[in-house]
Amino acid sequence: MHTLNDEAQRLLFTEARTHNRFTAEPVPDALLHQLYDLMKWGPTSANCSPARLVFVKSPEAKAKLAPCMSESNRDKTLQAPVNVIVGMDMAFYDKLPELFPHNLTAKSWFEGKPEFIAATAMRNSSLQGAYFMLAARGLGLDCGPMSGFDADAVNAAFFAGAAVKANFICNLGHGDPAGLFPRSPRLAFEQACRIA
C-alpha cells in the first residue's frame, strides 16, 4: 500500500495554515491551469462536478469583488494575488451525459427536483473546493478560504445570467507567515468521532 510520506502530510494537513496575508509573488496562469487539472480528479457523486471557478486577478475584477466582501475580509482579498470564487453550477446535470456516460438516464435524476439539485450542487462543489485547496497546497501555494461575503452581490457581479451561484471564496498565493494567527486547536477523535 502506498501512503503519503510525513513531509507530504505536513504540507497538506498538519502544518498547512489558513493565510490572511500574502507576499507580492505572482501566481502564473499556467499554475492555475495545473491546479485545476489536479483538483478535477477528486470524486463527486455521479461525477457531477458542479464546481465552477473564477480566478480573480485583474485590478478590474478585484474592484468588482471587493465591495462584495465583508469588511473584515476586504483588505486581505485585495492584497492576495488571486481570489478564487468557488461557484456551483445549478444546471450541472446538463453535463451528466458527458461526465457519467455509463448511465445516460442520470440527467433525469435531477430534472424538476430543485431541492435535490441544490443539495447536490452544494455538497459536491464544497468537496471540489476542498480538493482545490489540497491541490493548491500540493503545488506550493497557500490558501485563505472565506465565507464572509454577500453571495447575491458576487452572483450579480460574476455570474449574471448564468446558472452558477457562489459557494465560497478562497484567497490564493504565497502566504506571509507574519499574518498568521496562533494555531487553533482541533477536536480530539473522542470528541468528534465514534465507531459504530
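Fair warning: this is a prediction, and the values are worked out from it, not measured in the lab. (Residues numbered from 1 in each chain as written. Predicted model: local features only at pLDDT ≥ 70, side-chain atom pairs only at ≥ 80, totals over all residues. Heavy atoms only, no water.)

**Let's talk about the packing of aromatic side chains**
In step 1: Within the structure shown, the criterion is met by six aromatic pairs.
In step 2: Ring geometry for Tyr-93 against Phe-110: centres 6.3 Å apart, planes inclined by 15°, an arrangement best described as stacked. With Tyr-93 in the loop between β2 (82-89) and α5 (96-99) and Phe-110 in the loop between α5 and α6 (114-138), this pair connects stretches of sequence that are 17 residues apart.
In step 3: Seen in terms of ring centroids, Phe-110 and Phe-116 are 4.7 Å apart; in terms of plane orientation they differ by 15°. Their pairing is stacked.
In step 4: Its relative accessible area of 3% is what places Phe-110 among the buried residues.
In step 5: Residue class for Phe-116 comes out partly exposed when judged on its relative accessible area of 40%.
In step 6: Linked through ring pairs, Phe-92, Tyr-93, Phe-110 and Phe-116 together constitute an aromatic cluster.
In step 7: Sitting over the face of the ring of Phe-158, Lys-64 holds its NZ or CZ atom 4.7 Å from the ring centroid. (Phe/Tyr/Trp six-rings, centres within 6.5 Å; stacked < 30°, edge-to-face > 60°. Helix = DSSP H or I, 4+ residues; strand = E, 2+ residues; numbered from the N terminus. Buried < 20%, exposed > 50% of the residue type's maximum accessible area, 1.4 Å probe, protein only. Lys NZ or Arg CZ within 6 Å of the ring centre and 35° of its normal.)

**Focus: the pattern of salt bridges**
In step 1: Under the defined criterion, the tally for this structure stands at six salt bridges.
In step 2: Where Asp-89 meets Arg-52, a salt bridge forms, and the shortest distance between an N and an O atom there is 3.1 Å. A residue pair is termed long-range when its members are at least 10 positions apart, and Asp-89 in strand β2 and Arg-52 in strand β1 (residues 51-56) qualify at 37 residues. (Salt bridge = Lys/Arg side-chain N within 4 Å of Asp/Glu carboxyl O.)

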